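Letter by letter, the chains look like this.
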Amino acid sequence: MPQHCITASQFDRKSLLELFSQARAMEKIIAQGASDLAKGKILATLFYEPSTRTRLSFETAMLRLGGSIISETDVNFSSQTKGEVLSDTARIVGGYSDIIAIRSKTPGDAQIVADYSGVPVINGGDGSAEHPTQGLLDVYTISKHFELGQKPLTVSFVGELVCARTVHSCSKLLRNFDHIKFNFVAPEALQIPDEYFDPSKDQKYFDLNDEVLETSDVIYDTRIQQERISPELYEKYKTAFHFDVPTVSKMKPEAILMHPLPRVNEIAQEVDALPQAQYFEQAQNGVPIRMALIARGLGLI
Ligand code: CP
C-alpha cells in the first residue's frame with residue numbers, strides 16, 4: 001500500500017514527532033553531502049503551478065538521498081494541453097517513476113494522482129486547499145524554537161488567509177499540540193475559512209495591532225495571493241500588512257517571524273537582519289522534511 005502524503009489531516013502528534021526525528025537524521029546526511037538510501041529510485045515532479053522552493057527542495061531532497069529525478073514543470077508542454085486527463089497522466093508517470101510530487105491549481109488533484117498512479121504521491125500544493133509539506137516544514141521550524149505542547153504558545157497567522165493553503169495545512173498540524181492559542185489576522189474578506197477556525201478557542205483580528213505583535217510567539221505572515229483572489233480584493237488589500245523594522249521590533253525578542261515565501265512587499269528586506277526573521281531558515285527546513293517524506297513514501301525508513 002503506497003504511503004501518500006496528501007493532507008495535513010493524516011498526521012497526528014505521534015507521527016509528527018516521528019517525522020521530525022527522521023528529518024533530524026536527514027540533516028546529518030545533508031551535512032555529509034549525500035547518501036545512497038534511494039539509489040536507483042526515481043522521483044517525478046509534476047508542477048503545474050509556479051514554484052521555486054517546493055519543487056527544487058523536493059529535487060534536492062531526492063538527489064541528497066541518492067535517487068534521480070524526472071520533471072514536468074510547465075503545463076503548456078504537458079500532454080494535458082492536448083486533452084489528456086490527469087488520471088491518465090498519473091498512470092503513465094507512475095509507470096516511469098517510484099514516487100511522485102505534484103503541484104496543481106485544482107484542489108483534489110493530488111488525490112487523483114494517488115488513486116491512479118500506483119506509486120506514493122506527495123501533495124506539493126493543490127490550489128487553495130492544502131500544502132501539507134509546507135505545513136510540515138513550518139511546524140518543524142517552530143519545534144526548533146519552542147517545545148510544542150509543553151508551554152503556552154501564541155501563533156498569529158497574518159495576511160491573506162482565505163486561499164492560503166500553507167496556513168490551512170500549518171494550522172491543522174499545530175492543532176495536534178496542546179496549549180497553542182491561534183490568532184487569525186486578516187480583513188473580513190480574506191479571513192480564515194470556518195473549517196480551520198475554532199470559535200471556542202481562536203481569535204480573529206481585522207488589522208495588525210500592537211496586541212498581536214507584542215503577545216505572539218510566532219507570527220506567520222503570508223502574501224496577498226493575486227492569482228487566487230479577485231482583482232478588486234487584491235487592489236484593496238495588497239498593501240494591507242507590512243512588516244518593517246519598527247513593526248518587527250515590537251515583537252518579543254525570542255518570538256519568530258515566519259513566511260512561506262515568496263514575499264512581495266509584505267516584509268521589508270531590512271527585517272532580514274533582525275533575530276525574529278526566520279523565513280530563510282524555514283525554507284531550508286524543506287529539504288530534510290522532504291527527504292524524510294520521500295524515504296518514508298518509498299518504505300526506506
Ligand atoms: N512556499 C512555497 O510553496 O514556495 P514555492 O511556491 O516557491 O514552491
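Residues numbered from 1 in each chain as written. Predicted model: local features only at pLDDT ≥ 70, side-chain atom pairs only at ≥ 80, totals over all residues. Heavy atoms only, no water.

Draft legend 1. Up close: empty space enclosed by the protein. Applying the stated criterion to the full structure yields one cavity of 30 Å³ or more. Volume-wise, the largest cavity comes out at about 40 Å³. Residue lining of the largest cavity: Gly159, Thr222, Ile224, Lys238, Phe241, Asn265 and Glu266, and that is the complete set. Classifying every residue of the lining of the largest cavity gives two nonpolar, three polar and two charged. (1 Å grid on protein atoms, 1.4 Å probe; cavity = no way out; pocket = protein on both sides within 12 Å on 5 of 7 lines; lining within 4 Å. Points joined across faces, edges and corners; volume = space filled by probe spheres on them. Nonpolar A, V, L, I, M, F, W, Y, C, P; charged D, E, K, R; others polar.)

Draft legend 2. Representation of the sheet that holds strand S7 (residues 203-205) in the model. Pairing is parallel in the open sheet, where five strands are placed in the order S7-S6-S5-S8-S9. Taken across any chain shown, the strands that pair with only one partner, and hence form the sheet edges, are S7 and strand S9 (256-258). Shown here is a sheet whose adjacent strand axes are inclined to one another by a mean of 20°, direction ignored. Bridge analysis of strand S5 (residues 153-158) against strand S6 (residues 180-185) gives six bridges, and the strand direction is parallel. Within S6, the position partnered with Ser156 by the bridge is Asn183. Set on the sheet, helix H5 (residues 132-145) makes contact with S5, strand S8 (218-221) and S9; between it and S9 the angle comes to about 170°. Along the sheet face, helix H6 (residues 165-174) touches S5, S6 and S8 and points at about 165° away from the line of S5. (Pairing = 2+ DSSP bridges. Helix = DSSP H or I, 4+ residues; strand = E, 2+ residues; numbered from the N terminus. Axes fitted to C-alpha atoms, helices over the stretch in contact; angles between N-to-C directions. Contact = heavy atoms within 4.5 Å.)

Draft legend 3. Structural context of the site of the ligand. As a matter of local geometry, the ligand sits amid Ser51, Thr52, Arg53, Thr54, Arg103, His131, Gln134, Pro260 and Leu261. Within the complex, the protein chains bury 90% of what would otherwise be the 250 Å² of accessible surface of the ligand. Among the cavities detected, the one that contains the ligand is the largest pocket. Considered class by class, the residues forming the shell around the ligand number two nonpolar, five polar and two charged. A domain split of the shell around the ligand shows at least three residues from each of domain 1 (8-131 + 286-297) and domain 2 (133-283). (Near = heavy atom within 4 Å. Areas by Shrake-Rupley, 256 points an atom, 1.4 Å probe, with all protein chains shown as cover. Sits in = over half its atoms within 2 Å of the grid points. Domains from an automatic or database assignment.)

Draft legend 4. Representation of the environment of Leu136 within the structure. Its place among the elements puts Leu136 in helix H5. Put simply, Leu136 and Phe146 are ten residues apart on the chain and 15 Å apart in space, counted from C-alpha to C-alpha. Not counting chain neighbours up to four residues away, the residues in contact with Leu136 comprise Cys5, Phe11, Leu16, Leu19, Phe20, Leu173, Ile289 and Leu293.

Draft legend 5. Looking closely at the pairing of S6. Counting buried positions along S6 yields five of six residues, so the element is predominantly enclosed. Of the crossover connections in this fold, the one passing from S5 over H6 to the parallel S6 is right-handed. (Buried < 20%, exposed > 50% of the residue type's maximum accessible area, 1.4 Å probe, protein only. Right-handed = clockwise from strand over helix to strand, strands pointing away.)

Draft legend 6. A look at the domain arrangement of the protein. Taken as a whole, the protein is organised into domain 1 (8-131 + 286-297) and domain 2 (133-283). Look at where the C-alpha atoms of domain 1 and domain 2 centre, and you get two points 25 Å apart. With 32 residues of domain 1 at the interface, the matching set in domain 2 holds 26 residues. With both sides pooled, the region where domain 1 packs onto domain 2 buries about 2,300 Å², and carbon together with sulfur makes up 56% of that total. Taken as a group, Phe20, Arg53 and His131 account for 28% of the area that domain 1 buries against domain 2, more than any other trio of residues on that side. Summed over the shared surface of domain 1 and domain 2, the result is four salt bridges. With its nearest N and O atoms 2.6 Å apart, the salt bridge here joins Lys172 to Glu130. Inspection of the domain 1/domain 2 interface yields 17 residue pairs in polar contact (both at pLDDT 80 or more). Every element with two or more residues in the side of domain 1 that touches domain 2 is listed here: helix H1 (13-32), helix H2 (53-64), strand S3 (99-104), strand S4 (121-126) and helix H11 (286-297). Classifying every residue of the side of domain 1 that touches domain 2 by side-chain character gives 14 nonpolar, eight polar and ten charged. (Buried area = accessible area lost by both parts, 1.4 Å probe. Salt bridge = Lys/Arg side-chain N within 4 Å of Asp/Glu carboxyl O. Polar contact = N/O pair within 3.5 Å; in protein donor to acceptor, adjacent residues only side chain to side chain.)

Draft legend 7. Geometry of the nonpolar core. The biggest cluster of nonpolar side chains holds 61 residues, and the ones touching the most others in it are Leu136, Phe157, Leu174, Ile289 and Ile294. For this core, the element with the most residues is H11, which contributes seven residues. Of the residues that make up this core, three or more belong to each of domain 1 (8-131 + 286-297) and domain 2 (133-283). Contact partners of Phe157, with chain neighbours within four places excluded, come to Val167, Cys170, Ser171, Leu174, Phe182, Asn183, Phe184, Val185 and Tyr220. Ranked by size, the runner-up nonpolar core spans 18 residues in total, among them Tyr205, Val212, Ala268 and Ala277. (Core = buried A, V, L, I, M, F, W, Y, C linked by side-chain atoms within 4.5 Å.)

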